[in-house]
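Now for the letters of each chain:
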Amino acid sequence: MQLGSNDRLFVLTGAGVSAESGLATFRGSGGLWNGYRVEQVATPEAWEADPVLVWQFYSMRRRDATAAQANSAHFALARLEQQMGDRFYLCTQNVDDLHERAGSHRVHHMHGSLFESRCTHCEQPFEDRSLYESASKMPKCADCGSAIRPHIVWFGEIPLNLEQIYAELDRATVLLVAGTSGSVYPAAGFVHIANQRGIRTVYVGPEEPQNADAFDEILLGNATEVLPTIRV
Ligand code: OAD
Ligand code: ZN
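What you are looking at is a predicted structure, and each value in this text was computed from that prediction instead of being measured. (Residues numbered from 1 in each chain as written. Chains lettered and ligands numbered in written order. Predicted model: local features only at pLDDT ≥ 70, side-chain atom pairs only at ≥ 80, totals over all residues. Heavy atoms only, no water.)

Visitor: Go over the overall build of the protein chain, please, and point to the residues and values.
Guide: A count of helical and extended segments in the protein chain gives 9 helices and 11 strands. For the protein chain, the C-alpha radius of gyration of 18 Å lies close to 17 Å, the compact-globule estimate for 232 residues. Put simply, the protein chain has 232 residues, and 50% of those count as buried. Across the protein chain, contacts joining residues at least 24 apart in sequence account for 67% of those joining residues at least 6 apart. For the protein chain, the separation between the mean place of its 19 positive charges and that of its 28 negative charges on side chains is 4 Å. (Helix = DSSP H or I, 4+ residues; strand = E, 2+ residues; numbered from the N terminus. Rg over C-alpha atoms; globule rule 2.2 N^0.38 Å. Buried < 20%, exposed > 50% of the residue type's maximum accessible area, 1.4 Å probe, protein only. Contact = heavy atoms within 4.5 Å. Lys, Arg positive; Asp, Glu negative; His and termini not counted. Charge placed at Lys NZ, Arg CZ, Asp CG, Glu CD.)

Next up, the structure:
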């Protein structure tokens, strides 16, 4: 894939980009964790019903992401940012920090960040790498005493900073989507917005996403093989 010197690139990544770092995708694992459906641990209802279970799930994900290493797909995107500067925008659905650890600076985590938490009352997110794995260890806000929750966008919640995302999409000339099944909205709809604007749309992944018909080009292959071949 070749980009021109006037192109503005909007990149959307999903779980497939971190798959080769050993982090399970959602649909690939059958959507299961320890016998629970993802909906049973990644929704506001799950948090209401069983915050200990929810924190055990995100503690495990913190542990897994900490142990993982960025792969050549993450590095390829960091290199593109270096080459393109502010003509490059990276929006990820991933909550891990592997893009940052590969050297990406301007990363927007639309579904939140694994290594941030926030008070359910004060709402202000803060960096947090702790593991909360038992009922006696549930974190409370030092200021107001309310429960601290993962700074994650759960099913049924609204992604972060959608306005900024749509503004970037509005001025992009190329949309590159990598490693996402195209099944979770609004991210799965970015390609439709791009099509309304008539810009070039490219998908990268080992199989066609659910919204495959909407893309101009589908580059079938693993993210670690295909993303390093992009030239500017
Ligand atoms: P999915 O698990 O739905 O899709 C992962 C995609 O990655 C699939 O399309 C695979 O074909 C592809 N894939 C697998 N291995 C790959 C590789 N080596 N290189 C490139 N692609 C590969 O994950 P997402 O689409 O990211 O939301 O899921 C979207 C959202 O649904 C997540 O952010 C999460 C989830 O529920 C929230 O938590 C709000
Ligand atoms: Zn508080």
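The discussion continues.
Visitor: Give a description of the sheet that holds strand β7 (residues 125-127) that names residues and reports values.
Guide: Pairing in this open sheet of 3 strands is antiparallel, and the strands run β7-β6-β8 from one edge to the other. Because the sheet does not close on itself, it has two edges, and the strands there are β7 and β8 (148-152). Within the sheet, the average angular offset between the axes of one strand and its neighbour, ignoring direction, is 45°. Each of β6 (112-119) and β8 touches helix α4 (residues 51-67); the most contacted strand, β6, lies at about 140° to it. (Pairing = 2+ DSSP bridges. Axes fitted to C-alpha atoms, helices over the stretch in contact; angles between N-to-C directions.)

Visitor: Please provide a residue-by-residue account of the packing of helix α7 (residues 162-171) against helix α8 (residues 190-197), values included.
Guide: Between α7 and α8, whose axes approach to 9 Å, the crossing angle comes to 40°. For the pair α7 and α8, the crossing hand works out as right-handed. Of α8, the residues touching α7 (which contributes I165, Y166, L169, D170 and R171) are F190, I193 and R197. Per-class residue counts for the contact of α7 with α8 are 5 nonpolar, no polar and 3 charged. (Left-handed = near helix turned anticlockwise from the far one by under 90°. Nonpolar A, V, L, I, M, F, W, Y, C, P; charged D, E, K, R; others polar.)

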